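Residue-level listing of the chains:
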Amino acid sequence: MVAEQSTDSAALITSDSGESALPSEVTEKPDSANGQDEETPETVISARPEKSSWITLGSLIPEERYHLMVTLNTEGAGIERIEMTERNEEGQFRYRRVDVRHGYLGYLAAEPALRADGVMVNVVGRGTPAQIAGVQVGDIIINVAGQDIATREQLAEALLVTKPGDETEITLLRGDDLTEMQLVAVLTEHPLDLVRLAKDGGTDQVPGNLSRSSCLMTLSQVNRKSIEPDQRNITGLVNPMELNWTVESDLSSTSSSSLSTVELSLELSSREMAAIDGEALRLRRSYSLKPESYDLGLMIQIDNLAEQAQDLAYRLEGANGITLEGWWYSNKISPNWSDGAAARDIVCKTESSGHRLISGYKLLKTAKKEKADPNETIFAGDSSDGERKLRYIGVDAQYFDVAYLPADGSDYFTSLRKASAGIAADAESIPRHQERAVNSTFFIDSVVAEVPPGKSLRQELRLFAGPKRPELLEPYGLEDCIYYGWFTSFAKVLSGLLHILYSVGNYALAIILLTVIVRAGMFPLSRKAAVNAQKMQELAPEMKKINERYKDDMEGKLRAQRELQQRVGFNPLAGCLAMFIQLQMFRWRYRALSVDIELRQSAVSGSTDWASNLAAPDMFLFWGDWLWDYLSGRGTGWLGPYFNLLPVLVVILFLTQQKLFMPPATDEQTAMTQKMMNIMTFMMGLFFFRVPAGLCIYFITSSLWGICERILVKKTLPEAKHFDQLALQGTGGNPQKSQTLVDRIKSQVAKPDMPVERPNQRKRPPKRK
């Protein structure tokens with residue numbers, strides 16, 4: 001337990017056994033006038049825990065109904081990890097990691113042990129396989145599944161050969177005498193670690209990203225001293241983000257029930273604050289988590305322990321280390337024209353500017369060019385009141401968001417002075433072609449407030465960490481984070497129809513049904529386009545004659561083609577409307593399938609591991625261990641680390657369509673065009689090789705429907721010629737039939753006037769008899 005701290009003297013950390021632990025900083029006692037040491041408040045440096053510790057909020061136990069499990073680190077009092085623990089109707093994780101298939105033991109924050117060859121366990125989450133098996137904090141794991149363990153990386157490698165449901169033997173040392181023990185853990189699926197350290201990113205991690213806790217707090221201004229643009233802390237001040245905070249909450253009951261609230265504090269003495277012309281302060285933080293909730297309650301507070309008022313402001317960093325799953329294949333839609341979306345972007349919304357997305361590409365580019373101020377300013381102290389009224393700010397991934405929201409009952413943050421976006425990475429170390437995986441983050445600064453002695457500066461807010469489901473985001477005001485592109489309403493209609501069709505029990509089958517329904521509804525347009533193509537074929541011989549006649553006269557050729565089309569009454573743009581509508585329908589379906597989180601973790605079939613995630617490539621065969629990086633690298637390769645079967649089937653069907661329905665070439669130019677189309681089909685196969693399996697199923701279904709449709713349309717086309725042959729050759733025919741509506745109107749308007757006789761030349765009418 002932690003002893004109560006007074007404001008004027010250092011406190012010692014007391015362990016459960018009653019022994020006093022040495023503070024990390026000692027009290028300095030200057031010589032007094034009478035030669036005796038005297039301790040004064042101005043010279044006291046506060047005692048702090050010597051070592052960092054870890055705390056877990058939430059649980060993996062299904063009956064406790066937590067949607068999140070949050071791991072905190074007392075070093076900086078930040079969030080080290082957030083795992084998603086919501087269960088579906090079958091009792092499985094609703095959101096698990098889709099990039100791994102090995103078993104899950106639990107997050108242990110393991111570090112190399114000093115007393116033996118092994119790794120020390122620093123945290124054991126409630127309900128994890130490790131906790132159920134009996135693993136405790138302080139144990140030293142020396143062997144897992146028959147493999148000796150000495151580092152954190154070796155522990156992760158030992159679990160790679162396991163599967164969910166396996167019973168894995170764990171050998172560990174416990175106690176002061178290092179008693180060896182054997183435990184058996186039943187592994188589970190790996191819950192999605194939505195927030196994690198960069199070093200725990202696995203194969204999706206890229207060099208250059210920094211391992212840093214999220215939601216760290218420091219002082220942004222004390223009296224006249226503030227943080228420089230290229231720094232994270234006030235120069236000269238001990239960094240609160242690197243110190244061990246004291247846990248104020250009672251953790252003794254966590255073995256029998258889940259911890260839902262924790263409070264931490266950090267006291268900065270007058271001597272420490274004197275370096276920046278400040279006085280003693282105490283920083284306080286609290287985290288609270290409720291069952292069946294995706295938001296984490298946060299409270300930050302600065303207590304003025306001095307005898308005079310101080311001008312104070314805080315800085316709160318945002319989340320970083322958001323999941324990178326699928327960054328090398330996912331196609332995230334960006335509302336920006338200039339910068340495409342990265343795997344992790346910054347989203348925010350203010351009263352004046354509305355929703356805004358700041359691309360990770362742009363942040364990385366800024367960090368490389370602007371060394372003195374590497375951050376992208378969202379708003380500053382001189383911005384308008386509307387610009388500083390912040391609705392939310394967070395990190396946006398393909399299917400998940402982690403964002404700060406105002407406290408429950410408030411619509412906006414109204415006490416912020418500055419907000420900026422940046423990267424938690426070494427900009428120069430991010431490899432080329434892997435910039436998309438840069439670790440984006442942000443921070444917010446409060447307004448500077450004059451805090452009287454004994455008073456506090458306090459802020460309450462919430463941290464949303466959850467999936468981008470429309471019905472979930474709407475109550476939080478985050479619905480704009482799901483971006484469909486232009487004509488959003490049409491894409492939403494198709495997405496809603498897909499969810500209705502899911503009543504069949506399989507999203508792959510629902511995609512097939514959706515494609516059939518949409519293509520069947522467009523059948524009249526397809527038939528009209530086919531009729532227009534048939535007319536073009538009838539005109540082909542005459543067009544060929546015109547090309548030969550005006551071989552060197554482009555203007556004459558165009559004039560002759562236009563006269564021919566007007567003579568027979570053919571509009572070459574008649575089929576374009578049908579093609580335009582079909583193209584837009586394709587875009588809407590593509591967008592609807594690209595952003596729908598329900599496709600994530602949905603399989604083609606539950607009986608096979610192939611295509612187990614419709615939001616990812618089907619990953620038929622892993623070839624990244626032998627194919628050179630230029631083709632198989634993550635982000636650097638054209639094809640990616642997996643051979644995907646479905647894109648190959650798509651290309652085969654496209655080529656089959658061209659072979660069946662493309663008319664034979666009549667000249668050298670047409671033959672060259674058809675060859676280029678075949679080459680373009682192969683190139684499209686390369687670009688679409690990493691397309692998610694759900695979209696490939698749509699392409700395959702659409703292609704098969706197109707083949708059947710062309711055969712059916714061909715049988716319904718009129719057998720008679722569309723044009724009069726005499727009019728086609730320009731030698732006769734019904735001129736009225738061959739004229740277009742515009743020509744008929746022109747002929748009526750341009751009729752010559754009737755001749756008028758002069759009055760003196762008119763003949764008198766005959767007299768009546």
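As the structure is a computational prediction, the values presented were derived from the model and not from experiment.

### A short note on the overall build of the chain
Regarding its fold elements, the chain presents 18 helices and 30 strands. Burial analysis of the chain (769 residues in total) assigns 49% to the buried set. In the chain, the share of contacts with a sequence separation of at least 24, taken over all contacts with a separation of at least 6, comes to 66%. Here the chain displays about 38,700 Å² of accessible surface, and carbon together with sulfur accounts for 53% of that area.

### Some thoughts on the confidence of the model for the chain
Residues with a pLDDT of 70 or more make up 85% of the chain, whose mean pLDDT is 85. In the model, residues 1-43 has pLDDT below 50 throughout and makes 70 contacts with residues more than four positions away in sequence or in other chains. Long-range and interchain partners of residues 732-740, a stretch whose pLDDT sits below 50, account for 18 contacts in this model, where long-range means more than four residues apart.

### Quick notes on the side chain of Gln 221
Tracing the backbone through its elements, the reader meets Gln 221 in strand E13 (residues 217-222). The class for Gln 221 is buried, based on a relative accessible area of 17%. Within the structure, the side chain of Gln 221 is placed 3.0 Å from the backbone oxygen of Asn 223, a separation counted as a polar contact. In contact with Gln 221, other than residues within four places in its own chain, are Ser 226, Ile 234, Asp 311, Leu 312, Ala 313, Arg 417 and Val 448.

### Focus: the pairing of strand E18 (residues 295-304)
Most of E18 is tucked away, with ten of its ten residues classed as buried. Residue alternation in E18 divides its side chains into two sets, Asp 295, Gly 297, Met 299, Gln 301 and Asp 303 and Leu 296, Leu 298, Ile 300, Ile 302 and Asn 304, and both sets are buried. Bridge analysis of strand E17 (residues 281-289) against E18 gives nine bridges, and the strand direction is antiparallel. By the bridge assignment for E18, Arg 284 is matched with Gln 301. Where E17 hands over to E18, the hairpin turn is made up of five residues, of which Glu 292 adopts a positive phi near 55 degrees. As paired elements, E18 and strand E28 (residues 456-467) share nine bridges and run antiparallel to each other.

### As for helix H9 (residues 523-549)
Across its 27 residues, H9 extends 39 Å between first and last C-alpha, which sits within 8% of the 39 Å expected from 1.5 Å per residue. The largest bend in H9 amounts to roughly 45 degrees and is located at Ala 540, with the proline Pro 541 lying one to four residues further along. Among the residues of H9, those classed as buried are Ser 526, Ala 529, Ala 530, Val 531, Asn 532, Gln 534, Glu 538, Leu 539, Glu 542, Met 543 and Ile 546.

### Some words on the pairing of strand E21 (residues 354-358)
Note: strand E20 (residues 345-350) against E21, five bridges, orientation antiparallel. In the sheet register, Ile 346 faces E21, and the bridge partner there is Ile 358.

### What about the packing of H9 against helix H15 (residues 693-716)?
Contact geometry of H9 with H15 gives a least axis separation of 10 Å together with a crossing angle of 65 degrees. As H9 runs across H15, the sense of the crossing is right-handed. Only Glu 709, Leu 712, Val 713 and Thr 716 of H15 make contact with H9, whose side of the interface consists of Phe 523, Ser 526, Arg 527 and Ala 530.

### Here's the deal with the sheet that holds strand E16 (residues 261-268)
Spatially, E15-E16-E17-E18-E28-E24-E23-E20-E21 is the arrangement adopted by the nine strands of the open sheet, whose pairing is antiparallel. Each end of this open sheet is capped by a strand with a single partner; those strands are strand E15 (246-247) and E21.

### Observations regarding helix H10 (residues 554-568)
Here H10 is 15 residues long and its end C-alpha atoms lie 21 Å apart, about the 21 Å a rise of 1.5 Å per residue gives. Within H10, the full set of buried residues consists of Gly 556, Lys 557, Ala 560, Gln 561, Leu 564, Gln 565 and Val 568. Across the axial projection of H10, the buried residues extend over an arc of 170 degrees, all falling on one side. For H10, the N-terminal capping position is held by Asp 553, with its side-chain oxygen 3.4 Å away from the main-chain nitrogen of Glu 555. In the stretch just after H10, Gly 569 is the one whose phi turns positive, near 75 degrees.

### A closer look at unusual backbone geometry
Of note, His 433 is a non-glycine position whose phi angle comes to about 70 degrees, a positive value. Within the secondary structure, His 433 is located in the loop between strand E25 (416-423) and strand E26 (440-446). On the accessibility criterion, His 433 (45% relative accessible area) is partly exposed. At Gln 601, a residue that is not glycine, the phi angle is positive and equals roughly 75 degrees. Secondary-structure assignment places Gln 601 in the loop between helix H11 (576-595) and strand E29 (621-622).

Reading guide: rules and limits
Residues numbered from 1 in each chain as written. Predicted model: local features only at pLDDT ≥ 70, side-chain atom pairs only at ≥ 80, totals over all residues. Heavy atoms only, no water. Helix = DSSP H or I, 4+ residues; strand = E, 2+ residues; numbered from the N terminus. Buried < 20%, exposed > 50% of the residue type's maximum accessible area, 1.4 Å probe, protein only. Contact = heavy atoms within 4.5 Å. Areas by Shrake-Rupley, 256 points an atom, 1.4 Å probe, with all protein chains shown as cover. pLDDT = per-residue confidence, 0-100. Polar contact = N/O pair within 3.5 Å; in protein donor to acceptor, adjacent residues only side chain to side chain. Pairing = 2+ DSSP bridges. Expected span 1.5 Å × (residues − 1). Bend = angle between axes of the 7 residues up to and from the residue. Axes fitted to C-alpha atoms, helices over the stretch in contact; angles between N-to-C directions. Left-handed = near helix turned anticlockwise from the far one by under 90°. Arc of directions from axis to C-beta.

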